[in-house]
Every structure is written in structure tokens, then in C-alpha cells.
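# Geometric and topological summary
This is what each chain is made of:
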Amino acid sequence: MNTQSHAMPESFGSQGIAPAALNLTRPMYWSVRRELWENRSIYIAPLAVAAVTLFGYLIASIGYAMSTTNIAQRRAALEEPYGFATALIMGAAFLVSIFYSLEALHSERRDRSILFWKSLPVSDLTTVLSKASIPLFVLPLLAFAIVVATVSIMLVLTTLVLMGSGVSIAALWKPALYQMGLMLLYHLITVHMLWYAPFYGWLLLVSAWARRATFLWAALPPVAIGGIERIAFHTSHFFDLLHYRFAGGPEAMSTSDFPLDPMMHLTPWRFLSSPGLWIGLLITAGFLAAAVRLRRYQGPI
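As the structure is a computational prediction, the values presented were derived from the model and not from experiment.

## Looking at the overall build of the protein
Helix and strand content of the protein: 15 helices and zero strands. Considering only contacts in the protein between residues 6 or more positions apart, those separated by 24 or more positions represent 79%. Summing over all exposed atoms, the protein offers an accessible surface of approximately 16,200 Å²; the carbon and sulfur share of this is 73%.

Quick look at the structure:
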């Protein structure tokens, strides 16, 4: 089955048909669409968090704002939840990225659907890259869109409440608000897409290799390496490296806890010139290449 799936595109290529056929079918595009169709939690989970956040905003913040006569407290109660809502949605998208990466290549071997997908003229490289695009590109951009929509709804509700109270809304729609959106997008691209790429590559590699308990296999090797280093050399360089990577690297030094601080300074050149970024991307490429090779020769569990 595996040999047949790879021989099919080669036979087409010898007749000069494969490139035109692949361009028409757009295998990468439809592979990503398939991931979104099969894994609806990719967008349902962040949307559910956004809906719960809006419900809580209506009940708690607006309810408290309408019950107090102090205008300053009313404004503060309406404006403070913006950063909290952003953090919740981003956190939900990050958790979905982790669990999706662990299940992306493992689930198709577990339910034996890999036999069907390998029978199609779609290469293992296209399949793995389409799965990697979900945590690396789709989920961060989806989280940004949901955050923008959620905060916009919250702003409209805040505007209505303040206008009903006879308070000026000029300070609410200030230029810093749009700067926050730009900074959020910058944070998602630099940290969630590029800086966290080795984490997702490692999780996809474990998903392609492990037969069961993918979460344990993803966590045990780093813990074992750090533990051996600690016992043998009495150092913790490996754990420090993981902490530095998880904390956001060079961007963690110029950001606050929430990526909505208007005083945050954008430093793209410092980020792009960081050796850790390019080393991490090379490691990610190695993990994905190993995942492609494992999928090529791995069968159902």
C-alpha cells in the first residue's frame, strides 16, 4: 500500500501529467481543509472561550458598571476585562495547538485511516506540512481574528453603556487601541508562530512515532535529559534553555504579561537577528523531516 501510493505520482510524472494535475487539485490547500473539517475543535474551542468570555462580561462587568454610580469605577469595570479576554482566547488556542500536534499523526494510525489517506496521490511531505500548518499558522491567525471580534463586541457594549451614562467615549476609541491590535499580531507571529515552532515540530514527531501515550513520550525525554544533566554535572542548562524558549526568547524581554500593553516596543530586527530563532527553525525542519520519513514507513497501530 505504501509503495503503491508513492509510485502513482512517479508514473504520472513520467508522462508529464503530474505537475498539471497537482496544480489543479491543490493538494496542500485541500489537505489543510481536511484538517479543519476533521478536527473541528481547532475553531470550536477558541470560539467557545470567546462566547463564555462575552457572557461573563455581560453578567459581571456590565452588571457591576450599571450598579455603581461612580463614573470612574464604571469605566474601569468596563475596560479592564479586555486583556483578560485576550489572554483566555490565546491560551485556549495554544492548548488546542498542543493537543492537536500530539494527535495529528497518531490518530490516523490508531483508527487505521492512514491506509485510506496513503492510497491517495498526496505525498507524505504534503500531509505532514498541512498538519504542521495548523499550530504554526492557522491557529495563531484564527486566535487573532477571534480576539479582534470579541474585543470589538466588548467595545460596542462598553460604548453603549457609557453613552447611556452620559460619559464621553472619546477616550475609549483612542489610537492606542489600534496599536494594541498590531502588537497582538506581532506577538502571535514572532512568538506563537516562529519561536514556538520547535515545540510543535517535536510534538508532531512524537505523534508520528509513538504507538500510545503520546503525551508521556513527548514529556519524558526532555525531563530525562534535564534530570541526567542535573545528576551528572549539577547544572540545569537544558531546563534553562527550555524555559527561555517557552518564555518567548528575546521578545519576552520587551513585552508585558499581556500583549496588549501600548508601551510595548516592537523589535523585529532584534528578533530576526537572534541566533536562537534560526537554530530553532532548523531544529523544527529536522523534526518535520523525521516525521515525514516515519509516516512513510509507519503503518496502522
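## Here's the deal with empty space enclosed by the protein
With a probe scaled to a water molecule rolled over the atoms, the places where space remains empty come into view. Inspection of every chain in the model, using the stated rule, returns one cavity of 30 Å³ or more. In this structure, the largest cavity encloses a volume near 50 Å³. Those elements giving two or more residues to the lining of the largest cavity turn out to be helix H6 (81-103), helix H9 (124-164) and helix H10 (175-195). Per-class residue counts for the lining of the largest cavity are eight nonpolar, two polar and no charged.

## A closer look at a nonpolar patch on the surface
A surface patch of nonpolar side chains, amounting to about 540 Å² of accessible area, comprises Leu95, Phe99, Phe215, Leu216 and Leu220. Elements with a contribution of two residues or more to the nonpolar patch: H6 and helix H12 (214-233). Sorting elements by how many residues they give to the nonpolar patch places H12 first, with three residues. Along the polypeptide, Leu216 turns up in helix H12.

## Observations regarding unusual backbone geometry
Of note in the backbone geometry, Arg112 takes a positive phi value of approximately 65° without being a glycine. Tracing the backbone through its elements, the reader meets Arg112 in the loop between helix H7 (106-110) and helix H8 (114-118). In this model, His234 sits at a positive phi of 60°, which is unusual for a non-glycine residue. Along the chain, the position of His234 falls in the loop between H12 and helix H13 (237-246).

## Things to note about the nonpolar core
The biggest cluster of nonpolar side chains holds 27 residues, and the ones touching the most others in it are Val128, Ile134, Leu139 and Tyr196. Taken together, the elements giving at least two residues each to this core come down to H6, H9, H10, helix H11 (197-209) and helix H15 (275-297). With six residues, H9 is the single largest residue contributor to this core. Apart from residues lying up to four places away in sequence, Tyr196 is in contact with Phe94, Val191, Arg245 and Phe246.

## Remarks on the pattern of salt bridges
Taken as a whole, this structure holds seven salt bridges when the rule is applied. Among the salt bridges present, the one from Glu103 reaches Arg110, with a minimum N-O distance of 2.9 Å. Assessed through its relative accessible area of 44%, Arg110 is described here as partly exposed. Put simply, Arg295 and Glu108 hold a salt bridge, and the shortest N to O gap is 2.8 Å. Linking Arg295 in helix H15 with Glu108 in helix H7, this pair joins segments that are 187 residues apart in sequence. Across the pair, Glu108 and Arg295 agree in class, each one buried. Among the ionic contacts, a cluster of salt bridges with common partners joins Arg34, Glu35, Glu38 and Lys131.

## Examining the packing of aromatic side chains
Across all of its chains, the model carries 11 aromatic pairs by this definition. For the ring pair Phe94 and Tyr196, a centre distance of 5.4 Å and an interplane angle of 45° mean the geometry is tilted. Of this pair, Phe94 sits in helix H6 while Tyr196 sits in the loop between H10 and H11, and the two are 102 residues apart along the sequence. Relative accessible area serves as the criterion here: at 8%, Tyr196 is assigned to the buried category.

## Brief notes about the confidence of the model for the protein
Averaged over the protein, the pLDDT score is 81; the fraction of residues at 70 or greater is 75%. Within the model, the stretch residues 1-17 combines pLDDT values under 50 with 16 contacts to residues more than four positions away or in other chains. Counting contacts from residues 253-257, a segment whose pLDDT is below 50, to residues more than four positions away or on other chains yields eight contacts.

Parameters at a glance
- Residues numbered from 1 in each chain as written.
- Predicted model: local features only at pLDDT ≥ 70, side-chain atom pairs only at ≥ 80, totals over all residues.
- Heavy atoms only, no water.
- Helix = DSSP H or I, 4+ residues; strand = E, 2+ residues; numbered from the N terminus.
- Contact = heavy atoms within 4.5 Å.
- Areas by Shrake-Rupley, 256 points an atom, 1.4 Å probe, with all protein chains shown as cover.
- 1 Å grid on protein atoms, 1.4 Å probe; cavity = no way out; pocket = protein on both sides within 12 Å on 5 of 7 lines; lining within 4 Å.
- Points joined across faces, edges and corners; volume = space filled by probe spheres on them.
- Nonpolar A, V, L, I, M, F, W, Y, C, P; charged D, E, K, R; others polar.
- Patch = residues over 30% accessible without salt bridge, like charges linked within 9 Å, V, L, I, M, F, W, Y side chains within 5 Å.
- Salt bridge = Lys/Arg side-chain N within 4 Å of Asp/Glu carboxyl O.
- Core = buried A, V, L, I, M, F, W, Y, C linked by side-chain atoms within 4.5 Å.
- Buried < 20%, exposed > 50% of the residue type's maximum accessible area, 1.4 Å probe, protein only.
- Phe/Tyr/Trp six-rings, centres within 6.5 Å; stacked < 30°, edge-to-face > 60°.
- pLDDT = per-residue confidence, 0-100.

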